[in-house]
Amino acid sequence: MALESSVNPTTPTLRELTVRGILLGGAITLVFTAANVYLGLKVGLTFATAIPAAVISMAILRNFANHSIVENNIVQTVASAAGTLSAIIFVLPGLIMIGWWTGFPYWMTVAVCAVGGTLGVMYSIPLRRALVTGSDLPYPEGVAAAEVLKVGDSTQGHEENRVGIRVIAFGALVSAGFGLLANLKVLANYVAAYFRVGAGGSMF
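Conventions used here
Residues numbered from 1 in each chain as written. Predicted model: local features only at pLDDT ≥ 70, side-chain atom pairs only at ≥ 80, totals over all residues. Heavy atoms only, no water. Helix = DSSP H or I, 4+ residues; strand = E, 2+ residues; numbered from the N terminus. Buried < 20%, exposed > 50% of the residue type's maximum accessible area, 1.4 Å probe, protein only. Contact = heavy atoms within 4.5 Å. UniProt positions renumbered as here; feature names shortened; annotations may be inferred. Axes fitted to C-alpha atoms, helices over the stretch in contact; angles between N-to-C directions. Parallel < 35°, antiparallel > 145°, perpendicular 65-115°, else oblique. Left-handed = near helix turned anticlockwise from the far one by under 90°. Patch = residues over 30% accessible without salt bridge, like charges linked within 9 Å, V, L, I, M, F, W, Y side chains within 5 Å. Areas by Shrake-Rupley, 256 points an atom, 1.4 Å probe, with all protein chains shown as cover. Salt bridge = Lys/Arg side-chain N within 4 Å of Asp/Glu carboxyl O.

A.B. asks: How would you summarise the side chain of Glu 71 if you had to cite specific residues and measurements?
C.D. replies: Inspection of the secondary structure assignment puts Glu 71 in helix 3 (residues 69-79). Exposure remark for Glu 71: the relative accessible area of 0% places this residue in the buried category. Beyond its immediate sequence surroundings of up to four residues, Glu 71 is in contact with Arg 15, Glu 16, Thr 18, Arg 20, Gly 21, Leu 61 and Asn 66.

As structure tokens, this is what we get:
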């Protein structure tokens with residue numbers, strides 16, 4: 001007697017790797033990488049890209065037919081590369097500061113980035129089991145992104161996706177407006193004050 005499959009044949013196959021998912025992930029990666037590079041050079045830190053990418057992906061792909069949680073996962077996985085791609089801003093300036101790098105020759109910089117990215121992918125494969133799947137401590141960003149995807153894929157998450165994308169868009173517009181006004185010298189982009197303590201001085 002033939003074994004019956006436990007999978008219902010009428011259940012539609014979830015689309016995971018799609019052209020629209022790759023294009024959307026690439027577009028988010030481009031924007032987030034530029035933002036991370038600017039933020040890193042400006043204040044010395046970057047932001048995690050997986051969770052906001054998941055929110056943006058769910059809000060956009062929900063308007064298309066046959067979207068699924070696994071497709072959103074592909075988008076946020078592609079977009080999470082923005083955090084690692086921008087890490088080069090901490091390497092090359094550091095080499096210049098210690099005198100091991102004298103400039104930014106284009107092809108040499110491309111080669112350094114390509115070799116670093118290749119090594120990162122190669123090492124991430126064996127280290128994933130040791131540091132992520134087989135670790136006693138859950139990987140915080142991955143767990144958080146998974147929970148965001150689960151909530152967003154539910155029927156109750158539709159309105160939350162809309163609110164999330166509105167908050168992200170509002171924050172981006174406010175930040176862009178503040179930056180524009182600061183560059184036009186309409187607003188001050190920082191506040192500093194001096195006060196005397198004994199014979200010395202201090203600033204905050």
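Once you've had a look at it, read on.
A.B. asks: Provide a residue-level description of the UniProt feature "transmembrane region" (unreviewed entry) in the chain, including the pertinent values.
C.D. replies: Feature annotation in UniProt assigns "transmembrane region" (unreviewed entry) to the following positions: residues 21-39, 45-65, 77-100, 106-125 and 163-182. Secondary structure content for residues 21-39 is 100% helix and 0% strand, while the C-alpha to C-alpha distance between its ends is 26 Å. For residues 45-65, the end-to-end C-alpha separation is 38 Å, with 57% helix and 0% strand making up the annotated structure.

A.B. asks: Could you give an account of the packing of helix 2 (residues 50-61) against helix 3, with specific residues and numbers?
C.D. replies: The interhelical angle for the contact between helix 2 and helix 3, taken along N-to-C directions, is 140 degrees, at an axis separation of 8 Å. Accordingly, the angle class assigned to the pair helix 2 and helix 3 is oblique. Viewed along their axes, helix 2 and helix 3 form a crossing whose handedness is right-handed. For the pair formed by helix 2 and helix 3, the contact residues are Ala 50, Ala 53, Ala 54, Ser 57, Met 58 and Leu 61 on the first element and Glu 71, Asn 72, Val 75, Gln 76 and Ala 79 on the second.

A.B. asks: Talk me through a nonpolar patch on the surface; I want residue IDs and the actual numbers.
C.D. replies: Residues Val 115, Leu 119, Met 122, Tyr 123, Leu 127, Leu 131, Val 132 and Tyr 139 make up a contiguous nonpolar surface patch of roughly 780 Å² in combined accessible area. The topology assignment puts Val 132 in helix 6 (residues 106-133).

A.B. asks: Quick rundown of unusual backbone geometry? Include the residues and the values.
C.D. replies: Here Asn 66, not a glycine, exhibits a phi torsion of approximately 60 degrees, which is positive. Structurally, the position occupied by Asn 66 is in the loop between helix 2 and helix 3. Residue classification places Asn 66 among the exposed residues on the basis of a relative accessible area of 57%. The phi torsion at Lys 185 lies on the positive side, around 65 degrees, for a residue other than glycine. Locating Lys 185 in the fold gives a position in the loop between helix 8 (157-183) and strand 1 (194-197).

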